[in-house]
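Tertiary structure, described
Spelled out from the first residue to the last, the chains are:
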Amino acid sequence: MSAILGVVAAVPANRVPTEDEKFALATGIKERRIKSEGQDTGVLGTIAAGRVLGAVGWAPETVGAIVCVTQTPPVRMPATACIIAGNLGIPAPAFDINLACSGYVYGLWVASHLPFQRVLLVAGDCVSEMVNPADPGSANLFGDAVTATAVDNSGHYPSITFALGTDGKGWQHLVADYLIRMDGSEVFNFAAKCVPDLVHRVVPPEGADTYLFHQANGMMLRHIGRKLGLTEVKMPMNIQRYGNTSSASIPLLLCDSAITESVKHGTLSVGMFGFGAGWSLAGAYMKLGPLKVAEVVEV
Amino acid sequence: MTKKEQLMRDIAQTIMEVESVTPETTLDPWDSMAWVVAQVAIDDAYGMLVEPAKLRDCVTVADVLRLAGEPV
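Before going into details, it helps to say that this report is about the structure given with it. (Residues numbered from 1 in each chain as written. Chains lettered and ligands numbered in written order. Predicted model: local features only at pLDDT ≥ 70, side-chain atom pairs only at ≥ 80, totals over all residues. Heavy atoms only, no water.)

Attention now moves to the overall build of chain B. Each helix and strand counted, chain B has four helices and zero strands in total. Mapped from its N terminus to its C terminus, chain B presents α and β elements in the order α-α-α-α. Relative to the globule expectation of 11 Å for 72 residues, the C-alpha radius of gyration of chain B, 11 Å, shows essentially globular dimensions. Overall, chain B is about 25 × 25 × 20 Å in size when its C-alpha atoms are taken along their principal axes. Counting every position in chain B, which comprises 72 residues, the buried fraction comes to 47%. Across chain B, every contact between residues at least 6 apart in sequence was considered, and the portion connecting residues at least 24 apart equals 45%. (Helix = DSSP H or I, 4+ residues; strand = E, 2+ residues; numbered from the N terminus. Rg over C-alpha atoms; globule rule 2.2 N^0.38 Å. Buried < 20%, exposed > 50% of the residue type's maximum accessible area, 1.4 Å probe, protein only. Contact = heavy atoms within 4.5 Å.)

Taking 1.5 Å per residue as the helical rise, helix H1 (residues 3-16) of chain B with its 14 residues ought to reach 20 Å, and the 18 Å between its terminal C-alpha atoms agrees with that figure. Turning to H1 of chain B, its buried residues number three or more, namely Leu7, Met8, Asp10, Ile11, Ala12 and Ile15 of chain B. In the core, the buried residues of H1 of chain B are packed alongside helix H1 (21-27) of chain A together with helix H2 (32-46) and helix H4 (61-67) of chain B. Of the residues trailing H1 of chain B, Glu17 of chain B is marked for its positive phi of about 55°. (Expected span 1.5 Å × (residues − 1).)

Evaluation of the coordinates by the stated rule reveals 15 salt bridges over all chains. With its nearest N and O atoms 2.9 Å apart, the salt bridge here joins Arg66 of chain B to Asp63 of chain B. Here Arg66 of chain B pairs with Asp63 of chain B, and both are found in helix H4, just three residues apart, close to one helical turn. Here the salt bridges do not stand alone but share partners, grouping Arg15, Glu31, Arg33 and Glu298 of chain A into one network. (Salt bridge = Lys/Arg side-chain N within 4 Å of Asp/Glu carboxyl O.)

So, about the packing of H1 of chain B against H2 of chain B. Residue and element names in this part refer to chain B. The N-to-C vectors of H1 and H2 enclose an angle of 160°; their axes lie 9 Å apart at closest approach. Taken together, the axes of H1 and H2 are roughly antiparallel relative to one another. Here the hand of the crossing between H1 and H2 comes out right-handed. Every residue of H2 that contacts H1 at Lys3, Lys4, Gln6, Leu7, Asp10, Thr14 and Ile15 is listed here: Ala34, Val37, Ala38, Ala41, Ile42, Asp44, Ala45 and Tyr46. The residue inventory of the contact of H1 with H2, partitioned by class, reads nine nonpolar, two polar and four charged. (Axes fitted to C-alpha atoms, helices over the stretch in contact; angles between N-to-C directions. Parallel < 35°, antiparallel > 145°, perpendicular 65-115°, else oblique. Left-handed = near helix turned anticlockwise from the far one by under 90°. Nonpolar A, V, L, I, M, F, W, Y, C, P; charged D, E, K, R; others polar.)

We now examine the packing of helix H7 (residues 218-228) of chain A against H2 of chain B. Packing of H7 of chain A against H2 of chain B brings their axes to within 11 Å, and their N-to-C directions diverge by 10°. Put simply, H7 of chain A runs roughly parallel to H2 of chain B. Across the interface between the two elements, Met219, His223, Arg226 and Lys227 of chain A of H7 of chain A pack against Met33, Val36, Val37, Val40, Asp43 and Asp44 of chain B of H2 of chain B. Each residue belonging to the contact of H7 of chain A with H2 of chain B can be placed in one class, and the counts come to five nonpolar, one polar and four charged.

To continue, consider the pairing of strand S1 (residues 3-11) of chain A. Residue and element names in this part refer to chain A. Across the nine residues of S1, nine count as buried, placing the element largely inside the fold. Direction of pairing for S1 relative to strand S7 (residues 144-152): antiparallel, over a ladder of seven bridges. Following the sheet pairing, Val8 is matched in S7 by Ala148. Sheet analysis places S1 next to strand S14 (residues 293-298), joined by six bridges and oriented parallel. From the neighbouring strand, Val11 faces S14, where its bridge partner is Glu298. (Pairing = 2+ DSSP bridges.)

Let us now look at the interface of chain B and chain A. The interface is formed by 16 residues belonging to chain B together with 17 residues belonging to chain A. Buried surface at the junction of chain B and chain A, both sides included, amounts to about 1,300 Å², of which 59% is carbon and sulfur. When the area that chain B buries against chain A is broken down by residue, the three leading residues are Met33, Val40 and Leu49 of chain B, summing to 36%. Our count for the contact surface shared by chain B and chain A stands at four salt bridges. Asp183 of chain A is the partner of Arg56 of chain B in a salt bridge, and the nearest nitrogen-oxygen pair spans 3.0 Å. At the junction of chain B with chain A, the criterion picks out nine residue pairs in polar contact (both at pLDDT 80 or more). Among the elements of the structure, H1, H2 and helix H3 (52-56) of chain B are those that each provide at least two residues to the side of chain B that touches chain A. At eight residues, H2 of chain B tops the list of elements feeding residues into the side of chain B that touches chain A. (Buried area = accessible area lost by both parts, 1.4 Å probe. Polar contact = N/O pair within 3.5 Å; in protein donor to acceptor, adjacent residues only side chain to side chain.)

Written out as structure tokens, the structure reads:
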């Protein structure tokens with residue numbers, strides 16, 4: 001069995017406020033972090049990974065594998081995981097997973113099923129590279145962040161329940177070839193239809209202490225919360241400070257939200273729910289904490 | 001408040017930022033965020049997800065009400 005030992009999020013220090021007040025009110029996004037010159041997914045991922053390794057006390061040579069979930073690799077070849085392995089001196093298998101907003105949970109599933117005791121899961125994107133400035137619906141929505149999670153597969157932990165799925169029929173509504181093209185109405189329908197069902201598939205009848213949703217859009221999340229009968233206390237949000245950070249958003253909640261202190265010092269039953277591009281979705285339910293580290297590093 | 005009144009209130013106050021609307025009120029111009037707000041309002045009031053393409057074909061408030069299944 002597996003457990004998360006610690007999480008670190010690396011975010012650019014550059015804060016960009018949302019100037020469109022109506023957009024900010026609807027989405028809940030007040031500001032985002034946007035990368036500066038010289039920053040990319042590999043740079044932020046290396047910083048986050050190095051920090052989490054130190055915090056959980058793993059020497060680089062003891063890491064069994066690195067899995068990196070990203071859709072904004074700094075180069076097309078090699079995999080970003082290989083770059084991070086090289087930067088940190090980790091002589092281990094390293095590979096990428098090409099998923100967006102559902103990616104953290106997929107990465108957790110992969111990491112927890114690898115035949116290594118210590119797995120480093122890096123998840124995040126510099127989505128600002130792909131937004132179209134002429135499309136305020138996406139340009140004001142996405143922020144940059146990359147996270148690193150230490151996953152221990154030593155077998156001394158309660159099992160994690162996973163549910164993974166894809167309804168690829170809607171993939172064309174959220175696409176990035178060079179720039180992102182997104183039909184927000186279609187994304188909303190996909191999420192409103194599929195996410196409540198995902199929650200019911202993963203979380204046991206007695207419920208969870210906290211529900212961590214991919215921070216897609218504040219209005220969408222509040223609506224899903226109403227459908228599920230969840231109070232805002234049960235579903236922490238930080239989209240107001242970071243925007244939609246793709247696969248980084250769930251671990252970023254662990255590092256900077258109303259539950260951060262609770263998971264650092266105690267144990268919570270936690271549901272995690274990712275959904276998005278490709279009409280991909282993934283949920284997990286686990287006992288989480290106390291974490292050795294859950295922090296944000298400004299870069 | 002009826003479902004119809006709730007939806008018309010949301011269209012007026014949340015999307016169009018006016019005191020009230022009538023079925024004859026035209027929707028133009030709505031941006032992409034406004035359409036999503038309308039989807040949320042319809043699902044909140046009627047518990048249904050409308051097809052985005054059909055919603056974007058609506059010209060008046062009455063069209064939106066009909067799409068939600070409300071006789072106008």
